[in-house]
Every structure is written in C-alpha cells, then in structure tokens.
Amino acid sequence: MSGKYAIGLDFGGTKILSGVLNLDNGRLLGVGKKKTGHVDNHADLITRIISVIDESLEEAGVAASQIGSIGIGAAGQVNREKGILIYAANIGVSDLPLAQPLSDYYQIPCALGNDVEVATIGEMHFGAGRHCSNFVCVFVGTGVGSGIVQNGQLYRGATGSAGEIGHIVLDPFGRLCGCGLLGCLEAYASRTAIAKQIVGELTRGSDSVIRDKIDMQKGILRSKALSDAVEVGDEVVTTALSQAAQFLGMGLASVINFYNPQRIILGGGLVEGCDYFFTEAVKHAKQRALRVPAKKIEIVKAELGDYAGVIGAAVMAREKTGLVVR
Ligand SMILES: [Zn+2]
C-alpha cells in the first residue's frame, strides 16, 4: 500500500468520474468516466463504479495495490460515518452503501462525502483556495451550493448541512424552489433557472440565437452556447444572465456580510465558461455588500474545473485515513 496515490471518485447524476491522484503534487495521473445511466440495482452500480476506477488506474499506469485510499464525492445527502448515500434526487437512489463495497473490493479505506464538500477540499489544497484559510466556494450548476472553509478546515455545521447558500431567501413571495419553498437563491441563479427563463422567453416568441441550441423540453443548455450568445449581443440570453448574476450577487453579498470571508471562489461550468456572468455577479456582490468587507473580498474563479470533485475526494480520503496531506 502506498501513501502517495489515492483514488478520487465523483458520483453525479449524469456521470461517474474517477481519477488517480498523486497526493504529493495534486497531479491527476489518469481518469476514467462513464455515464451514471439508469440505476437498476446496487450491485450493478458498484460494478460500474469499479470499472470506472479500473479505467483510471489503467490510464495512470498505477496498480490497485499502489493505492492507499479511495474518496467519493456524491451529489446528494450522505452519511459520512457509515459511508452511505442517503438520498440523491438526481441519481435516483436512496440508502446506498458506497464506501464499504469499494473498501472490501480494493482492500483499502474508503471515505464518502458530498460533491460540494469534496470540490471545496480540492480547491483548498490544489486550486484557488491555496494559502487562504477563510473562504467560501460557491458552485453554480443545477442548483447553487457552497462549501465553507474556516481556519483551514471545512466547516460542516451542527447537522452537516452548512453552506446551503442555494436556499438563502431573496423573495418570500418569489419563484418556487426545488426545496418546496418560495424565493430561494437557486430558483433565480442556477443554470436550471436561467434555462427556464430563456425557454419562457422563446415560448413567448422572442427572437434569439440560442433557439437551436436549447432543449425546450428539458431546458438543457451548454455554457459555451450562452457565452457565444452574449458575445453576439443576444438580448434574451444577456438579460437572463444579467438578472441571474444580479441575484447571485445578492446571495454573495449576504455571505460577505455574514461570514466576512477573505475570498469567495466561484465555480461551475457557467461561471468558468462565461466571463460576462462571472463579472456581473462580482460587480453586484461588491455593490451590495457592506463597504469594508466588500473592499477587501477577493472573488475569483475556481481553478480545478470538472476535476475539483475528483481531486478533493482523493484528498479527503487520505485525510480520513489518518495521514495529513502535504
Ligand atoms: Zn430552496
């Protein structure tokens, strides 16, 4: 068993991503990827996960016996002690033991966390959070989630749900949120919310270059398509992004006022792929926050992109098995 390499696994609604990480320098030596697909039974799912891990080991040219630990970041509610995925709406599973089967198969320790916490750990060790001990990572995707780092440690809260920035209430009579209540931040600033607004405009007959690039039923839209539309001055897309960025900025201003972090790291495909959205959100956050913290706050983009979760999961696994990274 080696202390140098760990497996990081990102288990999401659309894909399972695995990476072999060199813990000394944060370099990914190999990756594996498969669609999550429909989950018929737990055993098949574990077999699929193992095949993704093996694919990453093969690409890395690292034998399973050289791996010291496995970390998983799953998109849902997790029981960290038992290594069980309690509920994942996007994956369609509940009460799924993940850590134990993998630990049994590879004969090494395996730790489970949620996707946002592992991505935050990734940024903390090898991304935009290096050399910063108090920061908040905010990820904009199907929802809006965040991870809080306090004195160099992830802060999880009394029941483990700290950082649910997506459910900061901006308007008590506002849009319906996935959580069942009205007016939450993610009902305005998530990628899903932006796509919904654009679909609404198109349905009402507005003209936009995005028309051919959006799935009108599912509201699926690539960040690159949004970015290109802003580039050519498309009004429907620019307005939708501008409003969403304004709401995101309001949420960030609340975080700045309440927590007074040194840095906010913004991640997710839309933030990383669309400069306009990022710049507008930063502008509104600084305008809305109190003067002194607003002046000092550093708002930067995440650095690890799609691999933040994989890298962070690997780091988390090593920390949980008792050895400190770096
Ligand atoms: Zn909500």
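Read on for a plain summary of the structure. All values reported here derive from a predicted model rather than from experimental measurement.

This part takes up the nonpolar core. Membership of the largest hydrophobic core comes to 45 residues, with the highest contact counts inside it found for I198, I210, L241, I264, F277 and I299. When residues of this core are traced back to their parent elements, those giving at least two are β9 (135-140), β10 (144-150), α5 (191-203), α6 (223-231), α7 (235-259), β12 (263-267), α8 (269-273) and α9 (275-288). If you tally residues by element for this core, the top one is α7, at 12 residues. Other than its neighbours up to four places away in sequence, I299 contacts I256, I264, L266, F278, V282, A285 and K286.

Turning our attention to the packing of helix α3 (residues 115-126) against helix α11 (residues 308-320). For the pair α3 and α11, the least separation of the axes is 7 Å and the interaxial angle reads 85°. It follows from the interaxial angle that α3 and α11 lie roughly perpendicular. Across from V118, A119, I121, G122, E123, H125 and F126 in α3, the residues of α11 making contact are A308, G309, I311, G312, A313, V315, M316 and E319. Within the contact of α3 with α11, the residues separate by chemical class into 9 nonpolar, 4 polar and 2 charged.

Let's shift gears to the side chain of N114. Note that N114 resides in strand β8 (residues 110-114). Under the relative-accessibility criterion, N114 is labelled buried at 19%. Leave out the neighbours within four places in its chain, and N114 touches G73, A74, G76, V78 and R80.

With that settled, the discussion passes to the coordination of the zinc ion. The zinc ion binds to the protein through H167 (ND1), C177 (SG), C179 (SG) and C184 (SG), with metal-donor distances spanning 2.0 to 2.4 Å. One can describe the donor arrangement at the zinc ion as tetrahedral, given that its 4 donor atoms subtend angles of 106 to 117° at the metal. In the primary structure, the donors to the zinc ion are separated according to the pattern H-x9-C-x1-C-x4-C. Here the residue H167 occupies a position in the loop between β11 (153-155) and α4 (186-189), and C177 occupies one in the loop between β11 and α4, the gap between them amounting to 10 residues. Judged by relative accessible area, H167 falls into the partly exposed class, the value being 29%. According to the relative accessible area criterion, C177 is buried, its value standing at 4%.

About the cut-offs
Residues numbered from 1 in each chain as written. Predicted model: local features only at pLDDT ≥ 70, side-chain atom pairs only at ≥ 80, totals over all residues. Heavy atoms only, no water. Core = buried A, V, L, I, M, F, W, Y, C linked by side-chain atoms within 4.5 Å. Buried < 20%, exposed > 50% of the residue type's maximum accessible area, 1.4 Å probe, protein only. Helix = DSSP H or I, 4+ residues; strand = E, 2+ residues; numbered from the N terminus. Contact = heavy atoms within 4.5 Å. Axes fitted to C-alpha atoms, helices over the stretch in contact; angles between N-to-C directions. Parallel < 35°, antiparallel > 145°, perpendicular 65-115°, else oblique. Nonpolar A, V, L, I, M, F, W, Y, C, P; charged D, E, K, R; others polar. Donors = N, O, S within 2.8 Å, 3.2 Å for Na, K, Ca; no water. Tetrahedral: all angles 85-135°; square planar, octahedral: opposite > 155°, others 65-115°.

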